[in-house]
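# Commentary on secondary and tertiary structure
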Amino acid sequence: EIDTPGGVLSSALKISKYIKGLPVPTVAWVNNEAYSAGIMLSAACDEIVMSPASSTGDCAPVALGANLAPTERAKALSPVLEEFRDSARSNGYDYAMFHAMCVLGVELYLVEKDDGSGERRLVNQVDYDVMVNGKSTAEVKPQAAPPATSTTTPSLPGAVTAPPVVGTVPVDVGAPSLTVTDAERGRWVGVEVLPSGDKTPGGMVHDGTTLLTLNQTRALDIGLSKATVGTQQAILQQYQAANIAALPVTWSEGVAAVLTSWWMRAILVVVFLLGAYIELQAPGISVPGVVSILALVALIGAPFVIGLAEFWHILLF
């Protein structure tokens, strides 16, 4: 059950790999929101279902309080995209959808094969030119990026830098997201109307001006979500399962998360030092000494409980 605005990239990558290694079927139930790291973990599961009025997507890496330089952004983005690529391959998703969640400028189209088979794929603008317009990959491949074409809006805090473009294809998305044979070139058409009734002229689902974000209806339309369910009982019925093993956040995990946050640890350090100083100034077992000891226990105990410290660390301290 996932309800999160996101989290630390390194942790998300570890959890994603852990999920994909589980020996039992896994379902991500997006119960409210799964943004950023949340969609990475959801995509790692065998299937995704979403509750009513839920949403997901928007997974570009960010640095709090700073703008990532191009090299640093590419370094942070590379493992994210590779993890999504692996999840897409493992769980039957089209990679272009996740690419559009991470990178500005990725347009997303829903296309259907014109042979009556009903086969549908989610593709980017380069795939679309090949599959629908019949162009060759060489014809749509962009050339070198022109200098200084990025723009910002200084008046907006945290303004996003637009990607360099050549014509209409951003240079960082100018590659096919899937392999198309010559026999399939020009044999696909854009899906004009989604199952929900929403119209998508030419098959365009997302125009690339923002990072892809989906509500439960659009996610179901394009195949990211398998069903819209509001309760665990509905999930049982959806999968005809005898039981579901949910992994909720326990109260102890919540307490440990607070105690290991940087701001709480800063407070505990101050309380520990202040209590110890007062106790040394007025010797004897008293309130300052007890408070200092409790702060010390919280400082070294919380990391131990959640696996960030080992027993020998505590002994050494």
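The coordinates are above.
We now turn to the structure provided with this report. Since the model is a prediction, treat every value here as computed from it, not as a measurement.

## Some words on unusual backbone geometry
In the Ramachandran plot, N32 falls in the positive-phi region, its phi being about 115 degrees despite a non-glycine side chain. Here N32 lies in strand β2 (residues 27-35). Assessed through its relative accessible area of 37%, N32 is described here as partly exposed. Positive phi values are uncommon outside glycine, yet Q240 reaches one of about 50 degrees. Tracing the backbone through its elements, the reader meets Q240 in the loop between α8 (232-239) and α9 (251-259). On the accessibility criterion, Q240 (74% relative accessible area) is exposed.

## Quick look at the state of the cysteines
Inspection of every chain in the model, using the stated rule, returns zero disulfides. Cysteine C59 shares no disulfide, and the gap to the nearest cysteine sulfur, in C102, comes to 4.5 Å. Looking at C59, the relative accessible area reads 4%, which means it is buried.

## Considering a nonpolar patch on the surface
Taken together, the side chains of F304, V305, I306, L308, F311 and L315 define a hydrophobic patch exposed on the protein surface, amounting to about 650 Å² of accessible area. Mapping F304 onto the fold places it in helix α11 (residues 287-305). Overall, the relative accessible area of 37% leaves F304 in the partly exposed class.

## What about the pattern of salt bridges?
What the rule picks out here adds up to eleven salt bridges. In this structure, D86 engages R89 in a salt bridge whose closest nitrogen and oxygen atoms are separated by 3.4 Å. Of this pair, D86 and R89 both sit in helix α3 (residues 70-91), three residues apart, which is roughly one turn of that helix. A relative accessible area of 27% places D86 in the partly exposed class. Between R121 and D94 there is a salt bridge; the shortest N-O distance is 2.7 Å. Taken together, the positions of R121 in strand β6 (residues 120-123) and D94 in the loop between α3 and α4 (95-102) put the pair 27 residues apart, joining distant regions of the chain. Residue R121 is classed as partly exposed on the basis of its relative accessible area, which comes to 27%. Overlapping salt bridges bring together K17, K20, E83, D86 and R89 as one network.

## Here we look at the packing of aromatic side chains
For the structure on display, the rule yields four aromatic pairs. Here F84 and F98 contribute two aromatic rings whose centre-to-centre distance is 4.9 Å and whose plane-to-plane angle is 10 degrees, an arrangement assigned as stacked. With a gap of 14 residues between them, F84 in helix α3 and F98 in helix α4 connect regions that are remote in the sequence. The pair F84 / F98 is uniform in exposure class, with both members buried. Between Y109 and Y128 the ring centres are 4.2 Å apart and the planes differ by 25 degrees, which places this aromatic pair in the stacked class.

Conventions used here
Residues numbered from 1 in each chain as written. Predicted model: local features only at pLDDT ≥ 70, side-chain atom pairs only at ≥ 80, totals over all residues. Heavy atoms only, no water. Helix = DSSP H or I, 4+ residues; strand = E, 2+ residues; numbered from the N terminus. Buried < 20%, exposed > 50% of the residue type's maximum accessible area, 1.4 Å probe, protein only. Disulfide = S-S within 2.5 Å. Patch = residues over 30% accessible without salt bridge, like charges linked within 9 Å, V, L, I, M, F, W, Y side chains within 5 Å. Areas by Shrake-Rupley, 256 points an atom, 1.4 Å probe, with all protein chains shown as cover. Salt bridge = Lys/Arg side-chain N within 4 Å of Asp/Glu carboxyl O. Phe/Tyr/Trp six-rings, centres within 6.5 Å; stacked < 30°, edge-to-face > 60°.

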